[in-house]
Amino acid sequence: MRVHLIDGTYELFRSYFGAPSAVVAGREVGAVRGLLASFAALLREPDVTHVAVAFDTVIESFRNGLYAGYKTGEGLDPLLWAQFPLAERAVRALGLVVWPMVEFEADDGLAAGAARFADDPRVERVLLCTPDKDLAQMVRGDRVVLLDRRQRTVLDEAGVLAKFGVPPASIPDLLALVGDPQDGIPGVPKWGRKSAATVLARYGHLEAIPNDAADWDVTVRGATTLAQSLAEHRDAAELYRRLATLRTDVPFAETLDDLRWRGPRPELGDLLRELEYERLQDRVPPPRP
């Protein structure tokens, strides 16, 4: 079997900016409609049998307590934010397992699911359905992969190495050095993607990089400046790596069998009427045996 673990927050954002607006009873519901249509299409695909969807029920997480500059919900469109609770409710009504993240982030939920289910002998492949580079750290061979549903591309371990220049295990170190503006991680001054990838391809992790460039056995332009900057900002770099490292200890009760899609729940009909979106009912496939 294949296990599809979906970044519901990303999918809702994508739907909000890609699906038509729809106002029902004075409430914007277009993103939720688009999300339901997208997931119904996914469920019609023959190899989609076991699914869980993780949402950022709140934008802030434990990482905000570690670093004041970490991303918050500031600037999020209120018309989008207001649809988050409805989105979780709609996805549950469709019959999918929902992991609402409060202390953790949706990415942590996906990482924990991958860690839990990838070694089950019944599982052929875990597909992390997101384009988020943070999840690249969870890729394992061709058994745990990233699936970009919009681009319809799959990134396995060889693909991560080709795209980022480092193996999955070094992705948090890479993000610590170069930063991640989307998450509010500034990175280490002077370090860029090419230099970080070159050095990490040799040393693997921050702590293995010598403080003195004279001790490096890899050639990088501006090595002396880079080494000095890292030496001066090691504590910050280690914090940034902690921020970028996904947690695999997220507690959720569902077993692999619980992720099997058995069809929509009875409340789906009422919800579709509430959304004035009854036509979706015909696009929801029947449950598989």
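Basis of the calculations
- Residue positions are given per chain, counting from 1 as you read along its sequence in written order.
- Owing to the predicted nature of the model, reporting of local features is limited to residues with pLDDT of at least 70; listing and counting of side-chain atom pairs is limited to 80 or more, with chain, interface and lining totals taken over all residues.
- Hydrogens and water are ignored here; the side-chain numbers use all heavy atoms of the structure.
- The classification of residues rests on relative accessible area computed with a 1.4 Å probe and restricted to protein chains. Under 20% of the type maximum is buried, over 50% is exposed, and intermediate values are partly exposed.
- For the purposes of this entry, the term helix denotes a DSSP run of H or I that reaches at least four residues, the term strand denotes a run of E that reaches at least two, and both are numbered from the N terminus.
- Our arc is simply the arc of the directions from the helix axis toward the C-beta atoms.
- When checking whether two residues touch, look at their non-hydrogen atoms; a contact exists if any pair is within 4.5 Å.
- Counted as a polar contact is a pair of N or O atoms within 3.5 Å, where, for protein atoms, one must be capable of donating a hydrogen and the other of accepting one, and residues adjacent in sequence contribute only when both atoms are in side chains.
- Buried Ala, Val, Leu, Ile, Met, Phe, Trp, Tyr and Cys residues form a nonpolar core when they are joined through side-chain atoms within 4.5 Å.
- A helix is expected to reach a length of 1.5 Å times the quantity of its residues less one.

**Q** It is not clear to me how helix 1 (residues 8–18) should be interpreted in this structure. Could you clarify?
**A** For an α-helix, 3.6 residues make a turn, and residues three or four places apart therefore share a direction. Every buried residue of helix 1 is listed here: Gly 8, Thr 9, Glu 11, Leu 12, Ser 15 and Tyr 16. Considered in projection along helix 1, the buried side chains sweep an arc of 165° and stay on one side of the axis. Turned more than 90 degrees off the buried face of helix 1, the exposed positions are Phe 17 and Gly 18. Buried positions along helix 1 lie against strand 1 (2–7), helix 2 (30–43), strand 4 (50–56), helix 4 (78–81), helix 5 (84–93) and helix 6 (106–117). Measuring from the side-chain oxygen of the N-cap residue of helix 1 to the backbone nitrogen of Thr 9 gives 3.2 Å; that N-cap residue is Asp 7.

**Q** How do you make sense of the nonpolar core when you look at a structure like this?
**A** Core analysis: the largest hydrophobic core is formed by 63 residues, its most contacted members being Leu 5, Trp 99, Leu 128 and Trp 216. Excluding its chain neighbours within four sequence positions, the residues that come into contact with Leu 5 are Ala 52, Trp 99, Leu 110, Gly 113, Ala 114, Val 126, Leu 127, Leu 128, Cys 129 and Leu 259. In this structure, Ala 22, Phe 84, Leu 268 and Val 284 belong to the second largest nonpolar core, which totals 41 residues.

**Q** Just to check I follow, could you spell out helix 2 for this structure?
**A** The first and last C-alpha atoms of helix 2 sit 20 Å apart over 14 residues, in line with the 20 Å expected at 1.5 Å per residue. Counting buried residues along helix 2, 13 of its 14 residues qualify, which places the element largely inside the surrounding structure.

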